[in-house]
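Breakdown of the fold
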Amino acid sequence: MSIDRILHLGDDAHLNQFQVIFPAGIPTGGDAETISLRTQGSFTMPQEVIYKYEIDFRGAKIPKTGRKEDTDKTFTITVRVDQQWKVYDDLKRWHRACYDPSTNVALPEVNTRVPVVIQWLDGNNKAVKTFTFMFSKLTEFKVSDADQSTGDPVTLELTFIYGRLDVS
């Protein structure tokens with residue numbers, strides 16, 4: 001194996017070159033582009049899982065797969081909060097539309113689900129792989145811990161459920 005061949009394999013895809021997009025906006029209004037620009041940290045792709053079961057036969061265990069998806073169907077992103085907490089307010093309004101425990105009210109599913117897009121970018125910031133989480137809904141909302149010993153920004157950890165993953 002030669003160095004020349006390795007160098008001609010092409011550039012690697014880099015973990016830090018991605019963007020989060022809300023192409024249909026936020027269901028309850030708000031600045032989807034600002035939320036996208038305030039995304040930080042890492043993004044972990046959900047593990048795609050095929051349902052499996054076992055057959056026990058005379059002391060042997062035989063794993064098999066069934067015709068069923070067994071994916072968790074969740075993903076999490078982290079967003080920095082602006083000094084006026086507008087990002088917080090926009091996202092909290094969406095979260096409360098999904099279910100508001102103070103009023104016991106939830107908007108219909110069709111009104112609270114939107115596509116969320118994760119795009120991996122090349123060296124020229126062009127999208128080379130797009131993962132669209134269809135029918136995404138904000139289900140978990142956590143404000144970062146307050147800490148007087150750091151100068152880091154406040155963040156929101158947002159967990160979504162989704163219906164289908166489209167890849168292009």
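Above this text sits the structure in question.
What this report covers is the structure whose coordinates are included nearby. (Residues numbered from 1 in each chain as written. Predicted model: local features only at pLDDT ≥ 70, side-chain atom pairs only at ≥ 80, totals over all residues. Heavy atoms only, no water.)

So, about the overall build of the protein chain. The number of helices and strands found in the protein chain is four helices and nine strands. Listed N to C, the secondary structure of the protein chain is α-β-α-β-β-β-β-α-α-β-β-β-β in terms of helices and strands. Over its C-alpha atoms the protein chain spans a radius of gyration of 20 Å, topping by over 25% the 15 Å that the globule rule assigns to 168 residues. Taking the principal axes of its C-alpha atoms as reference, the protein chain extends roughly 60 × 55 × 35 Å. Summarising the internal contacts of the protein chain: among those between residues at least 6 apart in sequence, 63% fall at separations of at least 24. Counting only carbon and sulfur atoms, one obtains 50% of the accessible surface of the protein chain, whose full area is about 11500 Å². Here the protein chain holds 20 positive side-chain charges and 23 negative ones, and the gap between their average locations is 8 Å. (Helix = DSSP H or I, 4+ residues; strand = E, 2+ residues; numbered from the N terminus. Rg over C-alpha atoms; globule rule 2.2 N^0.38 Å. Contact = heavy atoms within 4.5 Å. Areas by Shrake-Rupley, 256 points an atom, 1.4 Å probe, with all protein chains shown as cover. Lys, Arg positive; Asp, Glu negative; His and termini not counted. Charge placed at Lys NZ, Arg CZ, Asp CG, Glu CD.)

For the rest of this paragraph, the subject is the pattern of salt bridges. For the coordinates displayed, the defined rule picks out nine salt bridges. Several salt bridges converge on common partners, so that one network encompasses Lys86, Asp90 and Arg93. (Salt bridge = Lys/Arg side-chain N within 4 Å of Asp/Glu carboxyl O.)

Moving on, we get to the environment of Phe141. Mapped onto the elements of the fold, Phe141 is located in strand S7 (residues 127–143). Classification of Phe141 as buried rests on a relative accessible area of 15%. Each C-alpha atom of the pair Phe141 and Leu158 lies 5.0 Å from the other, and the pair is 17 residues apart in sequence. In this structure, Phe141 is in contact with Tyr88, Leu91, Lys92, His95, Leu156, Glu157 and Leu158, ignoring residues within four places of it in sequence. (Buried < 20%, exposed > 50% of the residue type's maximum accessible area, 1.4 Å probe, protein only.)

Counting residues in each nonpolar core, the largest one holds 27 residues, and the members touching the most others are Phe22, Ile77, Trp94 and Leu158. Among the elements of the structure, strand S1 (18–21), helix H2 (32–37), strand S5 (74–80), helix H3 (86–98), strand S6 (114–121), S7 and strand S8 (155–161) are those that each provide at least two residues to this core. Those residues in contact with Phe22, other than ones at most four positions away along the chain, are Ala32, Ile35, Ser36, Ile77, Trp94, Pro115, Val116 and Phe160. (Core = buried A, V, L, I, M, F, W, Y, C linked by side-chain atoms within 4.5 Å.)

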